[in-house]
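# Fold and geometry: a report
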Amino acid sequence: MKGRVLPLALLLLIITRFVGIAWGYPFLLHPDERNMADAISRLSLNEGLNPHFFAYGQLPLYLVWIWYALKSLSLYPVIDSWQAALGLRILSATASVVSGWIVYKLLLRESRSPTVALTGLLLWIATPVFIQFAHFGTTESLLAFLLLCTLWFRKRMLIAAMVIGLAIGIKISAVVLLVIPLYEWWHTQSLKQLVLFGITTVLFVFITSPHYFFSYPETLSSLTYESNVGRGITKVFYTYQFEHSNRLFFPFVSIFPYALGLPLFFVMTSQLPYAWKHHRLYVILLLVFMLSVLPLYTQWTRFYVFVFVMALLIASSAGRRLKYLYSVMLVAHLVIGLSYLNVYLQ
């Protein structure tokens, strides 16, 4: 039975990520997506592929630019903002599909239970926030994918360093992923291994986002501004929605129940004591990722991408214990998630 369900689940995963991917045409309604798309449309070899945009790293911008360069057989491709955004969305959707497969394999390796692994895949398919991220030409799907890759390779420090270098090359805040290999390194405490890890990570950051270094003044200026906005030091019109909000309760009331769906959110929170005993690393990462965002003034959903991934992995392990109740939760979660897909079919 499970052998027949898995291919159907993978097909459903692809459908939920790519259906409606051209939503909003011809308008770009997501501000970060528009900024990234505009940066791609400005890329030129004459300027050393300097995007003049440093809120994010250059890796996703370069991937889309390379795709259109190959497609047009030209080193000077003409890319308008909508084409760039569509390329970014395809990149996000593809990353989300591959991430679903990694979720399945990771849970299968760690639980040795095809049922738990398949449950995790189904949760990934239907979780509203992962459907949303896959339809945005932004960085969240890529970061979720690289977090899962880091978990998969966490005992292979050199590969983990490459993966984290790629993640930081997408978004500076991905430095928080360093806690994963450091957790594993603590058991060996090899100084040589740690130095090699550090060099490899920095090298891959440089390869994927060279203008972090070549355009350091612009990078620093942009990151300082973004940091000040995030911490509420610089107030702009679109952050006043967080004025007077309680940072401690805001994500639990206004983000997680909607982004994860109430069934998954409920199971995840009820699973924490069990997960601490049997999947302690997952709980530690959940707390570290949470604490890296909670102090911020701006509590945008995308900031919690790593928390969402860990919450799903923790909730997936509940299938063995809750059984029938978990089956009801899973059905409810699928209904919620697949209903949410209708947003992109309007």
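This one's a predicted model, so the numbers in the text were calculated from it and none came from an experiment.

A word on the overall build of the protein. Secondary structure summary: the protein contains 18 helices and zero strands in total. Structurally, the protein occupies a C-alpha span of about 60 × 55 × 50 Å along its principal axes. Looking at the protein as a whole, 52% of its 346 residues qualify as buried. For the protein, contacts bridging at least 24 residues in sequence account for 78% of all contacts bridging at least 6.

All right, on to the confidence of the model for the protein then. Looking at the protein as a whole, the pLDDT averages 91, with 97% of positions reaching at least 70. The weakest mean pLDDT in the protein belongs to helix 17 (residues 319-322) at 62; the strongest belongs to helix 7 (residues 140-152) at 97.

The subject of this paragraph is the environment of Val 176. Within the fold, Val 176 resides in the loop between helix 8 (157-168) and helix 9 (179-185). C-alpha separation for the pair Val 176 and Ser 292, spaced 116 residues apart in sequence, amounts to 7.8 Å. Apart from the residues within four sequence positions on either side, Val 176 is in contact with Val 288, Phe 289, Ser 292 and Phe 306.

Bringing a nonpolar patch on the surface into the picture now. A cluster of nonpolar side chains, Val 202, Leu 203, Phe 206, Ile 207, Phe 213 and Phe 214, forms an exposed patch at the surface whose accessible area comes to about 590 Å². By residue number, the principal contributor to the nonpolar patch is helix 10 (residues 191-208), which donates four residues. Looking at the secondary structure, you find Ile 207 in helix 10. Accessibility expressed as a relative area gives 52% for Ile 207, which makes it exposed.

It is worth spelling out the packing of helix 7 against helix 8 at this point. Across the interface, helix 7 lies against helix 8 with an axial gap of 9 Å and an inter-helix angle of 165 degrees. By the angle between their axes, helix 7 is roughly antiparallel relative to helix 8. Crossing geometry of helix 7 relative to helix 8 is assigned as left-handed. Contact residues: helix 7 offers Leu 143, Leu 146, Cys 149 and Thr 150, while helix 8 offers Val 163, Ile 164, Leu 166 and Ala 167. The class makeup of the residues in the contact of helix 7 with helix 8 is seven nonpolar, one polar and no charged.

Phe 308 and Leu 313 are the most contacted members of the largest nonpolar core, which has 88 residues in total. Looking at this core element by element, the count peaks at 11 residues for helix 16 (residues 305-316).

So, about the packing of aromatic side chains. Within this structure, the stated rule accounts for 22 aromatic pairs. On the numbers, 6.1 Å between centres and 45 degrees between planes, the contact of Phe 256 with Phe 265 is tilted. Ring geometry for Tyr 340 versus Tyr 344: centroids 5.8 Å apart, planes at 80 degrees, classification edge-to-face. A network of ring pairs unites the aromatic residues Phe 237, Tyr 238, Phe 242, Phe 250, Tyr 297, Trp 300 and Phe 303 as a single cluster. Lying over the aromatic face of Trp 152, Arg 109 brings its terminal NZ or CZ to 4.1 Å of the ring centre.

Taken as a whole and assessed by the stated rule, the structure comprises seven salt bridges. With a closest N to O distance of 3.3 Å, Asp 32 and Arg 302 form a salt bridge. With Asp 32 in helix 2 (residues 31-42) and Arg 302 in the loop between helix 15 (280-293) and helix 16, the pair connects residues that are 270 residues apart, well separated along the chain. The two residues Asp 32 and Arg 302 agree in class, both being buried. A salt bridge links Arg 154 to Glu 184; the shortest N-O distance between them is 3.3 Å. One end of the pair, Arg 154, is in the loop between helix 7 and helix 8; the other, Glu 184, is in helix 9, and 30 residues separate them in sequence.

Position of His 211 among the secondary structure elements: in helix 11 (residues 211-214). When near neighbours in sequence (up to four residues on either side) are disregarded, His 211 contacts Glu 47, Gly 48, Leu 49, Asn 50, Pro 51, Phe 54, Gln 58, Tyr 62, Tyr 216 and Thr 219.

The subject of this paragraph is unusual backbone geometry. That bond from Tyr 25 to Pro 26 is cis: its omega, 5 degrees, falls within 30 degrees of zero. Within the secondary structure, Pro 26 sits in the loop between helix 1 (2-18) and helix 2. Its identity as a non-glycine residue notwithstanding, Leu 49 has a phi of 55 degrees, on the positive side. Topologically, Leu 49 is positioned in the loop between helix 2 and helix 3 (59-72). For Leu 49, a relative accessible area of 15% puts it in the buried group. Of note in this structure, His 52 is not a glycine but carries a positive phi near 50 degrees. With respect to the secondary-structure elements, His 52 resides in the loop between helix 2 and helix 3.

It is worth spelling out the environment of Glu 243 at this point. Among the secondary structure elements, Glu 243 is positioned in the loop between helix 12 (216-230) and helix 13 (250-259). By relative accessible area, Glu 243 is classed as partly exposed at 29%. Each C-alpha atom, one on Glu 243 and one on Thr 298, is 8.9 Å from the other, the two residues being 55 residues apart in sequence. Beyond its immediate sequence surroundings of up to four residues, Glu 243 is in contact with Lys 235 and Tyr 297. Only 3.4 Å separates the side chain of Glu 243 from the side chain of Lys 235, close enough to count as a polar contact.

Analysis parameters
- Residues numbered from 1 in each chain as written.
- Predicted model: local features only at pLDDT ≥ 70, side-chain atom pairs only at ≥ 80, totals over all residues.
- Heavy atoms only, no water.
- Helix = DSSP H or I, 4+ residues; strand = E, 2+ residues; numbered from the N terminus.
- Buried < 20%, exposed > 50% of the residue type's maximum accessible area, 1.4 Å probe, protein only.
- Contact = heavy atoms within 4.5 Å.
- pLDDT = per-residue confidence, 0-100.
- Patch = residues over 30% accessible without salt bridge, like charges linked within 9 Å, V, L, I, M, F, W, Y side chains within 5 Å.
- Areas by Shrake-Rupley, 256 points an atom, 1.4 Å probe, with all protein chains shown as cover.
- Salt bridge = Lys/Arg side-chain N within 4 Å of Asp/Glu carboxyl O.
- Axes fitted to C-alpha atoms, helices over the stretch in contact; angles between N-to-C directions.
- Parallel < 35°, antiparallel > 145°, perpendicular 65-115°, else oblique.
- Left-handed = near helix turned anticlockwise from the far one by under 90°.
- Nonpolar A, V, L, I, M, F, W, Y, C, P; charged D, E, K, R; others polar.
- Core = buried A, V, L, I, M, F, W, Y, C linked by side-chain atoms within 4.5 Å.
- Phe/Tyr/Trp six-rings, centres within 6.5 Å; stacked < 30°, edge-to-face > 60°.
- Lys NZ or Arg CZ within 6 Å of the ring centre and 35° of its normal.
- Polar contact = N/O pair within 3.5 Å; in protein donor to acceptor, adjacent residues only side chain to side chain.

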